[in-house]
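Given next are the chains, with one letter for each unit.
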Amino acid sequence: MTKIANQRRTGRLRRHSRVRKKIHGTAERPRLSLYRSNKHLILQVIDDDRGVTIASASSVEATVRQSGGGSNVAAAARLGQLVAERAKAAGVNKVVFDRGGYLYQGRVAAVAEAARAAGLEF
């Protein structure tokens, strides 16, 4: 890993830990966690009290890969809608958004807006 890449990763992890001090998912309001790589997005709805993942969606899944790539804003919006549908099927209506230390723009914002449009409350 190059020096600049290592600095960016370290900074993101520092921001993520700072955000996680304040955000905690409960059974009534679980945490919608986002992980973003260069190629893929992974979303999880997590109850931190029990340590259980309630719903998840990933651009690595075969059904999602058939509908298009996982590294652009349109794919992020599809994933946000998919995780919202799965969370609502599991009985979750309200979540706390954990952006994972990433800036709220581009793919991260597209996930949040699509999940809100699909019926999840933040």
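Everything numeric here is computed off the predicted structure, so don't read it as measured data. (Residues numbered from 1 in each chain as written. Predicted model: local features only at pLDDT ≥ 70, side-chain atom pairs only at ≥ 80, totals over all residues. Heavy atoms only, no water.)

Undergrad: Which parts of the structure should I look at to understand the nonpolar core?
TA: Within the largest apolar cluster, 23 residues are counted, with the highest numbers of intra-cluster contacts made by L32, L34, L43 and V45. At the level of secondary structure, the elements contributing two or more residues to this core comprise β1 (31–36), β2 (41–47), β3 (52–58), α3 (73–89) and α4 (107–117). Look past the residues within four positions of L32 in its chain and what remains in contact with it is L43, Q44, V45, V83, V95, V96, F97, D98 and F122. (Core = buried A, V, L, I, M, F, W, Y, C linked by side-chain atoms within 4.5 Å. Buried < 20%, exposed > 50% of the residue type's maximum accessible area, 1.4 Å probe, protein only. Helix = DSSP H or I, 4+ residues; strand = E, 2+ residues; numbered from the N terminus. Contact = heavy atoms within 4.5 Å.)

Undergrad: How should I be thinking about helix α1 (residues 3–22) in this particular structure?
TA: Given 3.6 residues to a turn, an α-helix orients residues that are three or four positions apart in the same direction. A rise of 1.5 Å per residue sets the reference length of α1, with its 20 residues, at 28 Å; its end C-alpha atoms lie 30 Å apart and thus fit the reference within 8%. Taken together, the buried positions of α1 are G11, R12 and V19. One side of α1 carries all its buried residues, which in axial view fall inside an arc of 100 degrees. Of the exposed residues in α1, the ones pointing more than 90 degrees away from its buried face are K3, Q7, R14 and K21. Against β1 and β4 (96–98) lie the buried residues of α1. (Expected span 1.5 Å × (residues − 1). Arc of directions from axis to C-beta.)

Undergrad: What should I look at first to understand the pattern of salt bridges in this one?
TA: Think of it this way: side chains of opposite charge can pair up when their charged atoms draw near. All told, the structure shown has five salt bridges when counted by the stated rule. D98 is paired through a salt bridge with R31; the nearest N and O atoms lie 2.9 Å apart. With D98 in strand β4 and R31 in strand β1, the pair connects residues that are 67 residues apart, well separated along the chain. R31 shares its class with D98; the two are buried. Through salt bridges that share partners, R20, R31, D48 and D98 make up one connected network. (Salt bridge = Lys/Arg side-chain N within 4 Å of Asp/Glu carboxyl O.)

Undergrad: Which parts of the structure should I look at to understand a positive patch on the surface?
TA: On the surface, a cluster of positive charge is contributed by R14, R15, R18, K21 and K22. In this structure, R15 sits in helix α1. By relative accessible area, which is 31% here, R15 ends up partly exposed. (Patch = residues over 30% accessible without salt bridge, like charges linked within 9 Å, V, L, I, M, F, W, Y side chains within 5 Å. Areas by Shrake-Rupley, 256 points an atom, 1.4 Å probe, with all protein chains shown as cover. Lys, Arg positive; Asp, Glu negative; His and termini not counted. Charge placed at Lys NZ, Arg CZ, Asp CG, Glu CD.)

Undergrad: For this particular structure, what's the right way to read the packing of aromatic side chains?
TA: How two aromatic rings sit relative to each other is given by the distance of their centres and the angle of their planes. Evaluation of the coordinates by the stated rule reveals two aromatic pairs. Pairing F97 with Y104 gives two aromatic rings, centres 6.3 Å apart and planes at 85 degrees, and the pair type is edge-to-face. Judged by its relative accessible area of 16%, F97 is buried. Take Y104: its relative accessible area is 39%, and that puts it in the partly exposed class. Of the aromatic side chains, those joined through ring pairs into one cluster are F97, Y104 and F122. (Phe/Tyr/Trp six-rings, centres within 6.5 Å; stacked < 30°, edge-to-face > 60°.)

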